[in-house]
Amino acid sequence: MGMIQREIDRIRIALIDGAENKNELYAAQQALEWALEPGGIRSPYAMITGTLGGSEDCSADLRPPLSSGIHSPRRSAG
């Protein structure tokens, strides 16, 4: 068992035992779990702020590609 997993286990025990600093422990747990499995759990930032994450996590281009014809000027019949 690695150091990160041992720390996660210690935090879980503290939460089960009713630790007074639950918010801090949850944040630490989230960060450690995300470090082990970033694709399977929300990032600490997203969890704390309630956002879906920063734009660096987004691979979609929100602007249509120039070749789509949407931005092409109309040709007049002539």
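Residues numbered from 1 in each chain as written. Predicted model: local features only at pLDDT ≥ 70, side-chain atom pairs only at ≥ 80, totals over all residues. Heavy atoms only, no water.

Peer 1: How would you sum up the overall build of the protein chain? Please name residues and give values.
Peer 2: A count of helical and extended segments in the protein chain gives three helices and zero strands. In sequence order, the protein chain lays out its α and β elements as α-α-α. Going through the 78 residues of the protein chain one by one, you find that 12% of them count as buried. When contacts within the protein chain are restricted to residue pairs at least 6 apart in sequence, long-range pairs at least 24 apart make up 18% of them. Surface summary for the protein chain: the accessible area is close to 6800 Å², and the carbon and sulfur share equals 56%. (Helix = DSSP H or I, 4+ residues; strand = E, 2+ residues; numbered from the N terminus. Buried < 20%, exposed > 50% of the residue type's maximum accessible area, 1.4 Å probe, protein only. Contact = heavy atoms within 4.5 Å. Areas by Shrake-Rupley, 256 points an atom, 1.4 Å probe, with all protein chains shown as cover.)

Peer 1: Tell me about helix α1 (residues 3-16), and please be specific about residues and values.
Peer 2: Structural remark: α-helix, 3.6 residues per turn; residues separated by three or four positions point the same way. With 14 residues, α1 extends 20 Å between its outermost C-alpha atoms, agreeing within 8% with the 20 Å of an ideal straight helix rising 1.5 Å per residue. Residues of α1 that are buried: I8, I11 and L15. Buried residues of α1, seen end-on, are gathered within an arc of 60 degrees and therefore sit on one face of the element. Opposite its buried face, α1 presents the exposed residues M3, R10, I13 and I16, each directed more than 90 degrees away. (Expected span 1.5 Å × (residues − 1). Arc of directions from axis to C-beta.)

Peer 1: Quick one: what's the story with the pattern of salt bridges, residue by residue and with numbers?
Peer 2: Scanning the entire structure with this criterion turns up three salt bridges. With a shortest N-O distance of 3.1 Å, R10 and E7 are connected by a salt bridge. One end of the pair, R10, and the other, E7, are both in helix α1, three residues apart, so they sit about a helical turn from each other. Residue E33 pairs with R12 through a salt bridge whose shortest N-O separation is 2.6 Å. A residue pair is termed long-range when its members are at least 10 positions apart, and E33 in helix α2 (residues 22-36) and R12 in helix α1 qualify at 21 residues. Residue class for E33 comes out partly exposed when judged on its relative accessible area of 21%. (Salt bridge = Lys/Arg side-chain N within 4 Å of Asp/Glu carboxyl O.)

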